[in-house]
Amino acid sequence: PVGILLVVPAALEAARGLRRAALRERVQRAAAVVSPAVGTASFLAWVAVRYDDALLPFQVQNRAHLRGGFADPVSTFVRSTARLLDGHLLTNGIHVPWVVVAVVLVVVACRRWPAAYGAYAALSVLVALCARNWGSFERYAFGAFPVVLALASVTAAAWAERTTLTICAAGMACYATAALLLYYVP
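Quick caveat, the model's predicted, so the values are computed rather than measured.

1. Quick word on the packing of helix H5 (residues 96-112) against helix H6 (residues 115-129)
At a closest axis distance of 8 Å, the pairing of H5 and H6 adopts a crossing angle of 160°. With respect to H6, the element H5 is oriented roughly antiparallel. You can see that H5 and H6 cross each other, and the crossing is left-handed. Note on element contacts: H6 touches H5 through Gly 118, Ala 121, Ala 122, Val 125 and Leu 129, opposite Val 99, Ala 102, Val 103, Val 106, Ala 109 and Cys 110.

Spelled out as structure tokens, the structure:
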């Protein structure tokens, strides 16, 4: 349940021009800001009624074979990079290149796109980085639309687009081969 992260970009957008906004518009902006929290709370309330544990979605994600709980992203990055350099590809190390790409794209999003986009990209990538196990890192990081928009903005030139597509095709072939050989579970 990462929808709660939408509170931050909504708050940034709601704050723009707030002083000039009429009362009705202020109420609408406040509703937009609290809506992600209300949605998350509603979902967790349903989980509590259905499964007798409101925090079950978070507890499930903290299992060792999934996110594995929260961890310091810098320590995880250093440890994962060391494992990658030692040839242990089937650990968090396989995700290190994508972590670097995602962090660079967050910087691009912060520089080229509105502040709300950059904030959402940064929060989404940070939450993904705080996992002990980065098994779903790419799904969470690239699921944040500003990260994808940042990638699109840096590949606007024809040569950059072709290069990116070539790298992505080669990467997809490698990942598919690893998955077919049961070395990697996407």
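2. Here we look at the side chain of Glu 138
In this structure, Glu 138 sits in helix H7 (residues 137-142). Glu 138 has contacts with His 95, Trp 98, Gly 143, Tyr 175 and Tyr 184, leaving out every residue within four places of it along the chain.

3. Details of a nonpolar patch on the surface
Together, Phe 43, Trp 46 and Tyr 51 make up an exposed nonpolar region whose accessible area comes to about 340 Å². Assessed through its relative accessible area of 47%, Trp 46 is described here as partly exposed.

4. Observations regarding the state of the cysteines
Here is the idea: a disulfide is a covalent bond, and it sits between the sulfur atoms of two cysteines. Across all of its chains, the model carries 0 disulfides by this definition. The thiol sulfur of Cys 110 is not disulfide-bonded, and the nearest other cysteine sulfur, from Cys 130, lies at 16 Å. We classify Cys 110 as partly exposed; its relative accessible area is 43%. Cys 174 provides the cysteine sulfur closest to Cys 168, a residue in no disulfide bond, and the two sulfurs are 12 Å apart.

5. Overview of the nonpolar core
In terms of nonpolar packing, the biggest core is built from 20 residues, with Val 125, Leu 129, Trp 134, Phe 137 and Val 147 touching the most fellow members. Contributing elements (two or more residues each) for this core: H5, H6, H7 and helix H8 (145-154). Among the elements that line this core, the one with the most residues is H5, at 7 residues. Other than its neighbours up to four places away in sequence, Val 125 contacts Ala 102, Val 103, Val 106, Phe 137, Ala 141 and Val 147.

6. Overview of H6
End to end, H6 covers 21 Å across 15 residues, agreeing with the expected 21 Å (1.5 Å per residue, within 8%). Within H6 the residues assigned to the buried category are Ala 116, Gly 118, Ala 119, Tyr 120, Ala 121, Ser 124, Val 125, Ala 128 and Leu 129. Those residues of H6 that are buried lie in contact with helix H1 (7-15), helix H4 (73-85), H5, H7 and H8.

7. Quick look at H4
Look at H4: 18 Å from first C-alpha to last across 13 residues, which is about the 18 Å you get at 1.5 Å a residue. Near the N-terminus of H4, the side chain that reaches the backbone nitrogen of Val 74, with its oxygen 3.3 Å away, is that of Asp 72. Downstream of H4 by one or two residues, Gly 87 has phi in the positive range, about 95°.

8. So, the pattern of salt bridges
Tallied over the entire structure, the rule returns 2 salt bridges. Arg 16 serves as the salt-bridge partner of Glu 13, at 3.3 Å between the closest nitrogen and oxygen. Take Glu 13: its relative accessible area is 33%, and that puts it in the partly exposed class. The class for Arg 16 is exposed, based on a relative accessible area of 56%. Across the pair Glu 25 and Arg 29 runs a salt bridge, and its minimum N-O distance is 2.6 Å. Of this pair, Glu 25 and Arg 29 both sit in helix H2 (residues 23-51), separated by 4 residues, roughly a single helical turn. On the accessibility criterion, Glu 25 (33% relative accessible area) is partly exposed.

9. Let's talk about the packing of aromatic side chains
Throughout the structure, instances matching the rule amount to 7 aromatic pairs. Summarising the aromatic geometry, the rings of Trp 46 and Tyr 51 are spaced 6.0 Å apart at their centres and angled 85° between planes, so their arrangement reads as edge-to-face. With centroids separated by 5.9 Å and ring planes inclined at 10°, the aromatic side chains of Trp 113 and Tyr 117 adopt a geometry described as stacked. Its guanidinium or amino end placed over the ring of Tyr 51, Arg 50 lies 4.9 Å from that ring's centre, counting from NZ or CZ. Across the ring face of Tyr 140, the terminal group of Arg 139 is positioned such that the distance to the ring centre comes to 4.8 Å.

About the cut-offs
- Residues numbered from 1 in each chain as written.
- Predicted model: local features only at pLDDT ≥ 70, side-chain atom pairs only at ≥ 80, totals over all residues.
- Heavy atoms only, no water.
- Axes fitted to C-alpha atoms, helices over the stretch in contact; angles between N-to-C directions.
- Helix = DSSP H or I, 4+ residues; strand = E, 2+ residues; numbered from the N terminus.
- Parallel < 35°, antiparallel > 145°, perpendicular 65-115°, else oblique.
- Left-handed = near helix turned anticlockwise from the far one by under 90°.
- Contact = heavy atoms within 4.5 Å.
- Patch = residues over 30% accessible without salt bridge, like charges linked within 9 Å, V, L, I, M, F, W, Y side chains within 5 Å.
- Areas by Shrake-Rupley, 256 points an atom, 1.4 Å probe, with all protein chains shown as cover.
- Salt bridge = Lys/Arg side-chain N within 4 Å of Asp/Glu carboxyl O.
- Buried < 20%, exposed > 50% of the residue type's maximum accessible area, 1.4 Å probe, protein only.
- Disulfide = S-S within 2.5 Å.
- Core = buried A, V, L, I, M, F, W, Y, C linked by side-chain atoms within 4.5 Å.
- Expected span 1.5 Å × (residues − 1).
- Polar contact = N/O pair within 3.5 Å; in protein donor to acceptor, adjacent residues only side chain to side chain.
- Phe/Tyr/Trp six-rings, centres within 6.5 Å; stacked < 30°, edge-to-face > 60°.
- Lys NZ or Arg CZ within 6 Å of the ring centre and 35° of its normal.

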